[in-house]
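So the chains spell out like this:
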Amino acid sequence: MATIEECRSALDKLSDSMQHSEGGVREAAALDRSVSCHITDLDVTFAGRMTGGRIEVHETLPGPPREKAQIRLALTGDDLVALVDGELHFARAWGSGRVRLEAGLTDLFRLRKLL
């Protein structure tokens with residue numbers, strides 16, 4: 001099972017990848033939205049903001065998200081690490097319910113370029 005530190009490191013790695021992307025992916029990463037990532041098996045939530053092509057985590061909170069972020073992700077720690085490392089395909093994981101992504105329809109269309 002991935003630790004909180006490994007999950008935080010995976011989010012940092014994802015953020016770095018987003019910041020150095022190009023084209024449509026860079027455009028999708030340029031959203032300015034509140035974000036939350038609930039790690040279901042650890043019951044911890046990383047809350048922050050997607051801005052400037054990065055994910056900035058401001059808080060690590062016990063339990064599910066306390067406020068409804070504009071972009072919400074929920075998955076296990078192992079799945080987060082596997083997604084970021086390229087070992088798990090996002091669309092398949094999302095389609096099977098292993099990963100939950102909730103956002104407004106416009107944001108979902110933009111985010112699909114990232115995922």
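This report concerns the structure included in the present document. All values derive from a computational prediction rather than experimental measurement. (Residues numbered from 1 in each chain as written. Predicted model: local features only at pLDDT ≥ 70, side-chain atom pairs only at ≥ 80, totals over all residues. Heavy atoms only, no water.)

So, on to the packing of aromatic side chains. One pass over the structure, following the stated rule, counts one aromatic pair. On the basis of an interplanar angle of 35 degrees and a centroid distance of 5.7 Å, the ring pair of F90 and W94 is categorised as tilted. Taken together, the positions of F90 and W94, both in helix α4 (residues 90-96) and four residues apart, correspond to about one turn of that helix. (Phe/Tyr/Trp six-rings, centres within 6.5 Å; stacked < 30°, edge-to-face > 60°. Helix = DSSP H or I, 4+ residues; strand = E, 2+ residues; numbered from the N terminus.)

Another aspect to go through is helix α3 (residues 77-84). With respect to burial, α3 is a largely interior element, six of its eight residues being buried. By the burial criterion, the buried members of α3 are G77, D79, L80, A82, L83 and V84. Residues of α3 that are buried sit in contact with α1 (4-19), β1 (33-39), β4 (71-75) and α4. Among the residues trailing α3, G86 stands out with phi positive, at a value near 80 degrees. (Buried < 20%, exposed > 50% of the residue type's maximum accessible area, 1.4 Å probe, protein only. Contact = heavy atoms within 4.5 Å.)

Right, let's get into the pairing of strand β2 (residues 44-51). With six of its eight residues buried, β2 lies for the most part within the structure. Two elements, β1 and β2, share seven bridges in a ladder whose sense is antiparallel. Bridge pairing in β2 links S34 to R49. As consecutive antiparallel partners, β1 and β2 are separated by four residues, and within that stretch D43 has a phi angle of approximately 50 degrees, a positive value. Hairpin geometry of β2 and strand β3 (residues 54-62) is characterised by an intervening segment of two residues between the two adjacent antiparallel strands and by a positive phi of about 60 degrees at G52. (Pairing = 2+ DSSP bridges.)

The next thing to look at is the nonpolar core. Within the largest apolar cluster, 28 residues are counted, with the highest numbers of intra-cluster contacts made by C37, M50, I71 and L80. Of all the secondary structure elements, the ones that give two or more residues to this core are α1, β1, β2, β3, β4, α3, α4 and β5 (100-103). (Core = buried A, V, L, I, M, F, W, Y, C linked by side-chain atoms within 4.5 Å.)

Within this structure, the stated rule accounts for zero disulfides. In this model C7 remains outside any disulfide bridge; the closest cysteine sulfur is found in C37, 7.4 Å from its own. (Disulfide = S-S within 2.5 Å.)

This part covers the sheet that holds β2. One open sheet accounts for five strands, arranged β3-β2-β1-β4-β5; its pairing is mixed. The strands lining the two open edges of the sheet, one partner per strand, are β3 and β5. Neighbour-to-neighbour, the strand axes of this sheet turn through a mean angle of 20 degrees, independent of strand direction. Contacting β1 and β4, α3 runs over the sheet at an angle of about 110 degrees to β4. (Axes fitted to C-alpha atoms, helices over the stretch in contact; angles between N-to-C directions.)

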